Amino acid sequence: MKLVVKHLNKTIKHHSILQDINCTIDNHIYGLLGPNGCGKTTFIRCLLKLMNSQGEISYFDNDQKLSIENITIGYLPQTFNIFKELTVREQLEYFATLKNIPKASQDKEIERVLKLVNMYKQKDLHGSSLSGGMIRRVGIAQALLGKPQMIIFDEPTAGLDPDERNRFKSILQQFHLNIPIIISTHIISDISSLCSHVIFMNEGEIVKSGDINELLSEYQKDDLEDLYQFMIHGDHNEETIFNDIHD
C-alpha cells in the first residue's frame, strides 16, 4: 500500500493551514512529528478526505490506483468518545457494523482485537466504568477492526499516564503489519521507540521526511530530539518545548 501526496494545500477562513505538502507514505511506521498547532490533525483529516483540500492525494495497491472508498483505513482520532451505556463488546459491534464486517465474522474479529489490546477480560464492562486508558484501548481496537490496509493514530498517548503510554507502545510493538501506519504526536520519545520513519512538520509544511536512522546519519545528530531541534528550530541550543519527551 502506498499513499502519494502532491501539492496539498488547505485554507480555512482565508488562513493557510497546509502549504504545498508533498510526500510518499508506504509500508512503514511513520511518526508525524511537530509542535502543537503545526497542522498535523488537519493534514490527517485531509488524507482521510474528512476535509476538502487542494492538491492530489492518491492511494495505490501494487501500482493500481484506488479510491479511498475502496480502502479500509483504521483511524483513532485525537478525541475518541464511547457510548457510556454500551459494553466494550457492544461498542465494537457498533464499529464493526459501520465497517461493513459481516455479522457472521464479527464475534471472531472482535475477540481478535480485544486480545490484541489486552481488553478481552473487560469486554462486558460498560463505557461508564472505563478509565481514560481503557477508552483509548477501545479506540485502538476499533481502528484495528477489519484488518485495515492503513492505520492512522492522532495523538494516541495524549493525556495518558506513563503506565498507559507504555501499554500503548507495547500493543503497537506487537504488530507485524506490512501496511502504512502513521502516528501523529508531539512527544519525541513515542516516535523514537515506535517508528522507523519520521515526517517533520512545522507551520503547515513538511520540513523533512525519511528513515530515522538515515536522517540521523545525514545530519550527524545523536538522537531524534537533536534532529527535531535542528529541523524545527534551526539547531538552536535551546531547551525543548515539550514537557513529556522522556517517560
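Scroll up to find the structure this text is about.
Below or above, wherever it landed, is the structure these notes cover. No experiment lies behind these values; they were computed from the predicted model shown.

The rules behind the values
- Residues numbered from 1 in each chain as written.
- Predicted model: local features only at pLDDT ≥ 70, side-chain atom pairs only at ≥ 80, totals over all residues.
- Heavy atoms only, no water.
- Phe/Tyr/Trp six-rings, centres within 6.5 Å; stacked < 30°, edge-to-face > 60°.
- Helix = DSSP H or I, 4+ residues; strand = E, 2+ residues; numbered from the N terminus.
- Buried < 20%, exposed > 50% of the residue type's maximum accessible area, 1.4 Å probe, protein only.
- Lys NZ or Arg CZ within 6 Å of the ring centre and 35° of its normal.
- Contact = heavy atoms within 4.5 Å.
- Polar contact = N/O pair within 3.5 Å; in protein donor to acceptor, adjacent residues only side chain to side chain.
- Disulfide = S-S within 2.5 Å.
- Axes fitted to C-alpha atoms, helices over the stretch in contact; angles between N-to-C directions.
- Parallel < 35°, antiparallel > 145°, perpendicular 65-115°, else oblique.
- Left-handed = near helix turned anticlockwise from the far one by under 90°.
- Nonpolar A, V, L, I, M, F, W, Y, C, P; charged D, E, K, R; others polar.
- Pairing = 2+ DSSP bridges.
- Expected span 1.5 Å × (residues − 1).
- Arc of directions from axis to C-beta.

1. Concerning the packing of aromatic side chains
Stage number 1. All chains considered together, the criterion is met by six aromatic pairs.
Stage number 2. With a centroid separation of 5.6 Å and an interplanar angle of 90 degrees, the aromatic rings of Phe153 and Phe168 are classed as edge-to-face. Linking Phe153 in strand S7 (residues 150-154) with Phe168 in helix H5 (residues 162-173), this pair joins segments that are 15 residues apart in sequence. Accessibility assignment for this pair places Phe153 and Phe168 in one class, buried.
Stage number 3. Both rings, one in Phe200 and one in Tyr228, keep their centres 6.5 Å apart while their planes meet at 45 degrees; by these two values the pair is tilted. Of this pair, Phe200 sits in strand S9 (residues 197-202) while Tyr228 sits in helix H8 (residues 224-233); the two residues are 28 residues apart in sequence, bridging distant segments of the chain.
Stage number 4. On the basis of relative accessible area, Phe200 is assigned to the buried category, the value being 0%.
Stage number 5. Over the aromatic face of Tyr120 sits the side chain of Lys123, whose NZ or CZ is 4.3 Å from the ring centroid.

2. As for H8
Stage number 1. The element H8 is largely enclosed, with a buried count of seven among its ten residues.
Stage number 2. Among the residues of H8, Leu224, Leu227, Tyr228, Gln229, Met231, Ile232 and His233 are the ones counted as buried.
Stage number 3. Check the buried side of H8 and you find it contacts strand S3 (29-33), helix H6 (188-194), S9, strand S10 (205-211) and helix H7 (212-218).
Stage number 4. Put simply, Asp223 is the residue that caps the front of H8, since its side-chain oxygen is 3.3 Å from the backbone nitrogen of Glu225.
Stage number 5. One or two positions beyond H8, positive phi appears at Gly234, with a value near 75 degrees.

3. Here we look at the state of the cysteines
Stage number 1. Taken as a whole and judged by the stated rule, the model has zero disulfides.
Stage number 2. Cysteine Cys38 remains unbridged, with the sulfur of Cys23 as its closest cysteine sulfur at 13 Å.
Stage number 3. Its relative accessible area of 3% is what places Cys38 among the buried residues.
Stage number 4. Not part of a disulfide, Cys195 finds its nearest cysteine sulfur in Cys23, a span of 15 Å.

4. Topic: the packing of helix H4 (residues 132-144) against H5
A pair of packed helices is captured by two measures, namely the crossing angle of their axes and the spacing between those axes.
Stage number 1. In the contact formed by H4 and H5, the axes pass within 10 Å of each other and the chain directions differ by 20 degrees. In terms of their interaxial angle, H4 and H5 are classed as roughly parallel. Crossing angle aside, the handedness with which H4 passes H5 is right-handed. Counted together, Gly133, Met134, Arg137 and Ile140 of H4 and Glu164, Arg167, Phe168 and Ile171 of H5 form the full contact between these two elements.
Stage number 2. The residue inventory of the contact of H4 with H5, partitioned by class, reads four nonpolar, one polar and three charged.

5. Remarks on the sheet that holds S9
Stage number 1. Pairing is mixed across the open sheet formed by six strands, whose spatial order is S6-S7-S8-S3-S9-S10. This sheet does not close on itself; its edge strands, each paired only once, are strand S6 (73-76) and S10. Across the sheet, the mean angle separating the axes of adjacent strands is 15 degrees when strand polarity is ignored.
Stage number 2. Relative to the sheet, H4 contacts S6 and S7, its axis offset from that of S6 by approximately 165 degrees.

6. Notes on the pairing of S6
Stage number 1. Burial of the side chains of S6 extends over both faces: Ile73 and Tyr75 are buried on one face and Gly74 and Leu76 on the other.
Stage number 2. Pairing of S6 with S7 involves four bridges; the strand directions are parallel. Within S7, the residue paired with Tyr75 across the bridge is Ile152.

7. What about H5?
Stage number 1. With twelve residues, H5 extends 16 Å between its outermost C-alpha atoms, agreeing within 8% with the 16 Å of an ideal straight helix rising 1.5 Å per residue.
Stage number 2. Considered for burial, the residues of H5 that qualify are Glu164, Arg165, Phe168, Lys169, Ile171 and Leu172. Within H5, the buried residues cover an arc of 160 degrees as seen down the axis, which keeps them to one side. Across H5 from its buried face, at more than 90 degrees, point the exposed residues Pro162 and Asp163.
Stage number 3. Looking at the buried residues of H5, the elements they touch are helix H3 (103-116), H4, S7, strand S8 (181-185) and H6.
Stage number 4. The opening residue of H5, the one whose side-chain oxygen lies 3.1 Å from the backbone nitrogen of Asp163, is Asp161.

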